[in-house]
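Residue-level structure breakdown
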Amino acid sequence: MKKSRLLSVAALLALGLIGSSCSKEDNPATLSTTNVAVLTATINGANEKPASTTSTAVGSFVGNLNTDTRVLSYTVTYSGITPVAGHLHRINAANLTGPVDIPFPSLTSPITGTTAALAQSKVDSMLNGFYYANLHTTAYPAGEIRGDIKKR
């Protein structure tokens with residue numbers, strides 16, 4: 001009986017030593033959770049600014065913005081147009097438009113992209129609804145369909 005009790009104590013001590021030698025990163029209970037904001041937009045001609053278009057094309061934007069790493073991963077899908085350009089724009093004007101900030105890596109639907117770490121000011125602007133996705137065509141060089149990006 002004495003021997004089994006001694007082995008039990010030794011086993012508990014060994015477990016304690018193993019647990020205390022684990023780094024914080026190895027212990028799931030102490031891992032920090034990643035903060036990811038889901039961003040979405042409905043893209044169509046009615047949303048185009050400063051004036052809507054009569055386009056029947058439609059699309060969507062879905063993004064995951066990791067607020068810890070400040071990296072945005074996104075997918076843009078569309079149908080009904082052949083774009084000649086596509087980007088994310090940052091709104092900074094009274095007419096709710098702004099310059100190109102993040103060009104799309106391709107124009108074939110679905111468009112997928114991942115940014116490098118964004119400046120905190122861009123992350124803040126994205127989270128507060130100051131970005132939009134825009135697809136441009138020959139018929140509408142300023143933008144045929146647009147979707148204002150909002151946090152879901």
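Below, the structure is looked at part by part. (Residues numbered from 1 in each chain as written. Predicted model: local features only at pLDDT ≥ 70, side-chain atom pairs only at ≥ 80, totals over all residues. Heavy atoms only, no water.)

1. Things to note about the overall build of the protein chain
Across its full length, the protein chain carries 2 helices and 9 strands. Residues counted as buried form 34% of the 152 residues belonging to the protein chain. Across the protein chain, the fraction of contacts at a sequence separation of at least 24, relative to all contacts at a separation of at least 6, is 62%. (Helix = DSSP H or I, 4+ residues; strand = E, 2+ residues; numbered from the N terminus. Buried < 20%, exposed > 50% of the residue type's maximum accessible area, 1.4 Å probe, protein only. Contact = heavy atoms within 4.5 Å.)

2. A closer look at the side chain of asparagine 66
Along the chain, the position of asparagine 66 falls in strand β2 (residues 58-66). At 2.9 Å, the side chain of asparagine 66 forms a polar contact with the backbone nitrogen of threonine 69. Sequence-distant contacts of asparagine 66, defined by excluding residues within four places in its chain, comprise Thr34, Asn35, Val36 and Val71. (Polar contact = N/O pair within 3.5 Å; in protein donor to acceptor, adjacent residues only side chain to side chain.)

3. Thoughts on helix α2 (residues 120-127)
Note that an α-helix has 3.6 residues per turn; residues three or four places apart therefore point the same way. Restricting attention to buried positions, one finds in α2 the residues Val123, Ser125 and Met126. Down the axis of α2, the buried set is contained in an arc of 165 degrees. They therefore lie on one face. Two residues or fewer after α2 comes glycine 129, characterised by a positive phi angle close to 80 degrees. (Arc of directions from axis to C-beta.)

4. Description of the pairing of strand β7 (residues 131-136)
A large share of β7 lies buried, amounting to 6 of its 6 residues. Here β7 shows no split at all, with Tyr131, Ala133 and Leu135 on one side and Tyr132, Asn134 and His136 on the other all buried. Across 6 bridges, strand β4 (residues 85-90) lies against β7 in antiparallel orientation. If you follow histidine 87 over to β7, its bridge partner there is asparagine 134. (Pairing = 2+ DSSP bridges.)

5. Some points on the pattern of salt bridges
Tallying each qualifying case throughout the model produces 2 salt bridges. When the shortest N-O distance is used, the salt bridge between aspartate 101 and lysine 122 registers 3.1 Å. With a gap of 21 residues between them, aspartate 101 in strand β5 (residues 100-103) and lysine 122 in helix α2 connect regions that are remote in the sequence. The partner of aspartate 148 in a salt bridge is arginine 146, with the nearest N and O atoms 2.8 Å apart. (Salt bridge = Lys/Arg side-chain N within 4 Å of Asp/Glu carboxyl O.)

6. What to know about the nonpolar core
Counting residues in each nonpolar core, the largest one holds 24 residues, and the members touching the most others are Phe61, Leu65, Leu72, Leu88, Phe104 and Met126. Within the residue set of this core, elements represented by two or more residues are β1 (36-44), β2, β3 (71-79), α2 and β7. (Core = buried A, V, L, I, M, F, W, Y, C linked by side-chain atoms within 4.5 Å.)

7. As for the packing of aromatic side chains
Summed over the entire model, instances satisfying the criterion amount to 2 aromatic pairs. Ring plane angle 20 degrees and centroid distance 5.9 Å describe the contact between phenylalanine 61 and tyrosine 74, whose orientation is recorded as stacked. Taken together, the residues span a long stretch of sequence, with phenylalanine 61 in strand β2 and tyrosine 74 in strand β3 at a distance of 13 residues. Ring plane angle 45 degrees and centroid distance 5.8 Å describe the contact between tyrosine 74 and phenylalanine 104, whose orientation is recorded as tilted. Of the two residues, tyrosine 74 is situated in strand β3 and phenylalanine 104 in the loop between β5 and β6 (111-114); the sequence distance between them amounts to 30 residues. (Phe/Tyr/Trp six-rings, centres within 6.5 Å; stacked < 30°, edge-to-face > 60°.)

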